[in-house]
Amino acid sequence: MIRIAVIADPHVHDCGWRPEGAGLDAAIRSFGDTLASTRVFNESIPAFRAALDCAVAEGAKLVLLVGDLTDDGQAPNIAAAVALIAEYRDRHGLRVLATPGNHDFFALHGRPQKKTFLTADGTPQTLCSTDCPEAATLGMDAALRRMQHLGYRPEPGDMHWESPFGTDPDFAARTYLVPSPDGGTSCRMVDASYLVEPVEGLWVLSIDSNVSVPRDNAQDFTDPAAFHDATDGGWPTVLRHRAHLLPWMRDVAARAKAGGKHLVAFSHYPVLDVLAGTGSDELRIFGPTGLARRTPPSVVAEAVAATGVPLHFSGHLHVNDTAFHPYGGRGLFNISVPSPVGFCPAMKIVDLDGDRVTIRSLPLSQVPGHDLAFAAYRAEAGASVGPAMHAADHGAFLDHHLVELVRGRYVPREWPAEMAEFVDNARVDDLLALLGVPLADAPDLTMWQLVEDWYRLRKAGTLAEAYVAPERLDFYRRLCESIPPGSDNSLAGRFLVLLRILRGYLGRLPNGDFTLDMRDLSVRGS
Ligand SMILES: [Fe+2]
Ligand SMILES: [Fe+2]
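Let me begin by describing the structure that accompanies this report. (Residues numbered from 1 in each chain as written. Chains lettered and ligands numbered in written order. Predicted model: local features only at pLDDT ≥ 70, side-chain atom pairs only at ≥ 80, totals over all residues. Heavy atoms only, no water.)

1. Here's the deal with the coordination of the iron ion (ligand 2)
Working step 1: With distances of 2.1 to 2.3 Å, the protein atoms coordinating the iron ion (ligand 2) are Asp 68 (OD), Asn 102 (OD1), His 268 (NE2) and His 316 (ND1).
Working step 2: Seen from the iron ion (ligand 2), its four donor atoms lie at angles of 85 to 163°, and the figure they make is irregular.
Working step 3: Sequence spacing of the donor residues for the iron ion (ligand 2), all on one chain, is D-x33-N-x165-H-x47-H.
Working step 4: Taken as a pair, the iron ion (ligand 2) and the iron ion (ligand 1) lie 3.4 Å from each other and share Asp 68 as a ligand. Of this pair, His 268 sits in the loop between strand S11 (262-266) and helix H7 (279-286) while His 316 sits in the loop between strand S12 (311-314) and strand S13 (321-327), placing them 48 residues apart in sequence. For the pair shown, His 268 and His 316 are each scored as buried. (Donors = N, O, S within 2.8 Å, 3.2 Å for Na, K, Ca; no water. Tetrahedral: all angles 85-135°; square planar, octahedral: opposite > 155°, others 65-115°. Helix = DSSP H or I, 4+ residues; strand = E, 2+ residues; numbered from the N terminus. Buried < 20%, exposed > 50% of the residue type's maximum accessible area, 1.4 Å probe, protein only.)

2. Things to note about the coordination of the iron ion (ligand 1)
Working step 1: In the first shell of the iron ion (ligand 1), the protein supplies Asp 9 (OD), His 11 (NE2), Asp 68 (OD) and His 318 (NE2), at 2.0 to 2.3 Å from the metal.
Working step 2: Note that the iron ion (ligand 1) binds four donor atoms; their angles at the metal cover 83 to 171°, and the shape is irregular.
Working step 3: Every donor residue of the iron ion (ligand 1) comes from the same chain, spaced as D-x1-H-x56-D-x249-H.
Working step 4: His 318 sits in the buried class, given a relative accessible area of 5%.

3. Some words on helix H8 (residues 298-306)
Working step 1: Of the positions making up H8, those classed as buried are Val 300, Ala 301, Val 304 and Ala 305. Along the axis of H8, the buried positions cluster into a sector of 120°, meaning they face one direction only.
Working step 2: In this structure, the buried residues of H8 make contact with helix H5 (234-241), helix H6 (245-259), S13 and strand S14 (330-336). (Arc of directions from axis to C-beta. Contact = heavy atoms within 4.5 Å.)

4. Some points on the pairing of S12
Working step 1: Residues of S12 alternate between two faces, with Leu 311 and Phe 313 on one and His 312 and Ser 314 on the opposite face, all of them buried.
Working step 2: With two bridges joining them, S11 and S12 adopt parallel strand pairing. Paired with Ala 265 across the two strands is His 312, which belongs to S12.
Working step 3: Pairing of S12 with S14 involves four bridges; the strand directions are parallel. Residue Ser 314 lies in a different strand from S14, and its bridge partner there is Ser 336. (Pairing = 2+ DSSP bridges.)

5. Remarks on unusual backbone geometry
Working step 1: At the junction of Asp 71 and Asp 72, the peptide bond is cis and its omega measures out at 5° in the coordinates.
Working step 2: Mapped onto the fold, Asp 72 is located in the loop between strand S2 (62-65) and helix H3 (75-92).
Working step 3: Of note, the bond from Phe 343 into Cys 344 is cis; its omega dihedral lies within 30 degrees of zero at -5°.
Working step 4: The phi torsion at Ala 276 lies on the positive side, around 55°, for a residue other than glycine.
Working step 5: Note on placement: Ala 276 falls in the loop between S11 and H7.

Rendered as structure tokens:
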């Protein structure tokens, strides 16, 4: 049996960094910035440390790091993340293998950044990288050089290492021409993908799915504006602009099978829909929201499944999910791994044993030092002193953060005004009346409470059960079973679609603790 740990999106931000010339004693990101983001910043190093501690406590010697190691690819944050990983390597013999995420670097030469930090008295101070160059996001070469020991180059003792270009680990030997969308402009870039056999019998395939595509007619590649942002590109962009990866993956899968190796692939972006097939319903009521527009289309599922790679771990969306795509008598599993700095904080422990893959989700709700920035938040001028700043643990902090996002961002910005107004003024009883669904023993809930739970279940799958009372969960199951088919564009019709999406979330494949049987492609567990 081989045990590995999988951690996604730690988004390391080093609060101990002193931005040069900025007059700051520390780099505490403001709570205002935190509320504008789907992740938290100042808690990232304690949370990443807690995840690495879990890996050690579980006896894993290998960690797959599914991208977005740092926030956002600045030299000081990369240095802090790499130093932390080196500490665990030296103290515990832990090996970390990474894949690039969209926050780890930008295109060839990086891009400027502007972040708000807190001074000692809680005054928000905006810092621009034009005044402090080390606050800028690095470009690909500079960032990869700093992270090269995270699998991007072979290490002594590796049984095998290769890239799509051969066995030369020099980044200069791993480049190709990336065309712009119209094919008229191209730019030479590194593809940092690699295959490594770190322990006998295990092939780890790190796929660099973070593709910076030059804009049509771009000329100055030192200018960040010459590139499309990779954030929303994901695997569709890989198919179009890094197509050489597919035959390499097919060849790797065939060789792994012939050689009797366990093959575990990972890349930053999902290859399957991690929102339980609810994307089209979501587009219908909300339009192209943050997550729905990042759902990979079925052409990606078909292309990746056709390579014969059976198991893929993804990050980026900070969602806990298991998805399966059948293909020609075989199939492809995508395990979406949540982030330690977004609700619900967790990581995965994976046991490979013959044809069985047992996966456990370890919550990272207990994080020593989770409150290190709370005093600064409370002192922050203009920040609302809400319950987040008194949260008893990291899980509760991120749950409050999610609630703040639901109330301050998702509903007001993404929901149709008529639905948002109903949520603001009505109770669940009113919803039942609107839908004509009489349900006995409905709990007395506001619509806000229902909507907050909707987002908890969307993001965390089974892991949300630690945050949603059992009677509410039972009610949502009964409600989703009772909704009539069909819907229209009326207010009631739109809420029916919302509940149909909730039914999808509640009916996901097991995504807490479960076992995949690669012979009969079954998934058993919770
Ligand atoms: Fe991320
Ligand atoms: Fe990401």
